[in-house]
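# Topology and contacts: notes
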Amino acid sequence: MPSIRVELGENSYPIIVDQGVLNQLGSLLKPKAKSEKTLIVVDAIVSKHYSRPVLESLLRAGFDSRIVEIPVGEEHKSLEWFAKLHDQLIDRRMDRSSTLIALGGGVIGDLAGFVAATYMRGIPYVQVPTTLLAQVDASVGGKTAINHPKGKNLIGAFHQPKLVLIDVATLQSLSPRDIRSGLAEIIKHGVIMDVPLFDQIEANLDAILDLEGSVLIDIIARSCADKVKVVTQDEKESGLREILNYGHTFGHALEALTDYNTYRHGEAVAIGMNCAAQLSVNLGMLDAADRKRQKNLLQRAGLPVHFPSEIQPEQLIETMYLDKKARGGRLRLILAKRIGGVMIRNDVDDTTIAEAIAQCMKD
Ligand SMILES: NC(=O)c1ccc[n+]([C@@H]2O[C@H](COP(=O)([O-])OP(=O)(O)OC[C@H]3O[C@@H](n4cnc5c(N)ncnc54)[C@H](O)[C@@H]3O)[C@@H](O)[C@H]2O)c1
Ligand SMILES: [Zn+2]
């Protein structure tokens, strides 16, 4: 079984990436679990597809397990559902030997992960991510959070899972738009640190979009390994981990300005990556040919690369300053030096940034 080990001392854990492994969750968890009690947290759509094989697998392995279904949507990554889940854990008399299982996309992973981080000061949990974004990004790194009415992910904790089980077969039921959105993050990993991964996506894009199992396993495992490399060197986000935000400072601002209801996260990141590359070219850091190569791949993957014309560059910059990445009052930008290498800069003036944004409305 292809597996990546996340080395974090006593918090170490494996990420297993394979096809058709959902029904092995029970046997994989058995040697790690301290008691039979588990609770599966899942949203209503994912539940229809995958609750059954997961529950049956747990029962077969001798676990005592139940399902809690959360309504679908980012708005339920909330204080209300955080409290309701705690009620469930208390009602079921779960304790620090019990295991919580997050089955779903990033919304479920973040919510269930944060509940696991806080209930009785922290109980074990397992991530079974079912969107491409969650498989290569949200389930790796131990960040958990819920939203506050005043902002996304404002309340959270670092809490590492005991196991991440990625079954690429679950992607068969995911919408093509969500596949593309997740692919943006994989392409990002290629640009920031992994040329062979970038080459592999370029060469196998059709097979990836056709959801061919073997190539999916390859690029997902490789992408996870890249993120793991970064987060194991910087578990609590003090420096290096910032490079994962390539394309995100622009992307987050675009998501916020469009009320989080126009773009999927990966789509906003794709536009942000194109803009970060344009800015890098303007600053003489990146070859125009490399920017074009990144843009071509994003477009071939069906991702947008242009800001909508109704966005004002100044307004976008203002929103970027509100993002938590603007430490100490200066914008910290992750800029590209080449495909496979980035650097952090905080000395770029707003006019130069605004020019790049304006260019990225049409180019
Ligand atoms: N913790 C982190 O490091 C981290 C990183 C990136 C994103 N996130 C968070 O992740 C969230 C976004 O995650 P997401 O894009 O996975 O969204 P999501 O969890 O809302 O899933 C998107 C949609 O796909 C459906 N779905 C999930 N798996 C499916 C499957 N296999 N088949 C059919 N439908 C399926 C869901 O029901 C939902 O409607 C955001 O809240 C974001 O803040 C967290
Ligand atoms: Zn992202």
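Residues numbered from 1 in each chain as written. Chains lettered and ligands numbered in written order. Predicted model: local features only at pLDDT ≥ 70, side-chain atom pairs only at ≥ 80, totals over all residues. Heavy atoms only, no water.

### Comments concerning unusual backbone geometry
- The phi dihedral of Asn153 is positive, around 55°, even though this residue is not glycine.
- Its location among the elements puts Asn153 in strand 8 (residues 151-158).
- Even without glycine at this site, Leu211 takes up a positive phi of about 60°.
- Tracing the backbone through its elements, the reader meets Leu211 in the loop between helix 7 (195-209) and helix 8 (213-233). (Helix = DSSP H or I, 4+ residues; strand = E, 2+ residues; numbered from the N terminus.)

### Quick look at the domain arrangement of the protein chain
- According to the domain assignment, the protein chain consists of domain 1 (3-173) and domain 2 (176-359).
- Between domain 1 and domain 2, the buried area comes to about 2,300 Å², and carbon and sulfur atoms account for 73% of it.
- Looking at the side of domain 1 facing domain 2, the largest losses of area belong to Leu132, Val136 and Phe158, adding up to 25% of the total buried there.
- Put simply, Lys227 and Asp137 hold a salt bridge, and the shortest N to O gap is 2.7 Å.
- The interface formed by domain 1 and domain 2 includes 4 residue pairs in polar contact (both at pLDDT 80 or more).
- Elements with a contribution of two residues or more to the side of domain 1 that touches domain 2: strand 1 (3-6), strand 2 (13-18), helix 5 (132-138) and strand 8.
- Classifying every residue of the side of domain 1 that touches domain 2 gives 13 nonpolar, 6 polar and 6 charged. (Domains from an automatic or database assignment. Buried area = accessible area lost by both parts, 1.4 Å probe. Salt bridge = Lys/Arg side-chain N within 4 Å of Asp/Glu carboxyl O. Polar contact = N/O pair within 3.5 Å; in protein donor to acceptor, adjacent residues only side chain to side chain. Nonpolar A, V, L, I, M, F, W, Y, C, P; charged D, E, K, R; others polar.)

### Remarks on the coordination of the zinc ion (ligand 2)
- Coordination of the zinc ion (ligand 2) by the protein is provided by Glu185 (OE), His248 (NE2) and His265 (NE2), with metal-donor distances spanning 1.9 to 2.1 Å.
- Positions of the donor residues of the zinc ion (ligand 2), expressed as sequence spacing, correspond to E-x62-H-x16-H. Taken together, the residues Glu185 in helix 6 (residues 176-193) and His248 in helix 9 (residues 248-257) connect sequence positions 63 residues apart.
- On the basis of relative accessibility, which here comes to 0%, the residue Glu185 falls in the buried class.
- Looking at His248, the relative accessible area reads 4%, which means it is buried. (Donors = N, O, S within 2.8 Å, 3.2 Å for Na, K, Ca; no water. Buried < 20%, exposed > 50% of the residue type's maximum accessible area, 1.4 Å probe, protein only.)

### Things to note about the nonpolar core
- Ile15 and Phe250 are the most contacted members of the largest nonpolar core, which totals 79 residues.
- It is helix 8 that provides the largest number of residues to this core, a total of 10 residues.
- The residue makeup of this core includes at least three contributed by each of domain 1 (3-173) and domain 2 (176-359).
- Leave out the neighbours within four places in its chain, and Ile15 touches Pro2, Ser3, Ile4, Val6, Val140, Val164, Ile166, Cys224 and Val228.
- Counting residues in each nonpolar core, the second largest holds 22 residues, with Val68, Leu85, Leu100 and Ile123 among its members. (Core = buried A, V, L, I, M, F, W, Y, C linked by side-chain atoms within 4.5 Å. Contact = heavy atoms within 4.5 Å.)

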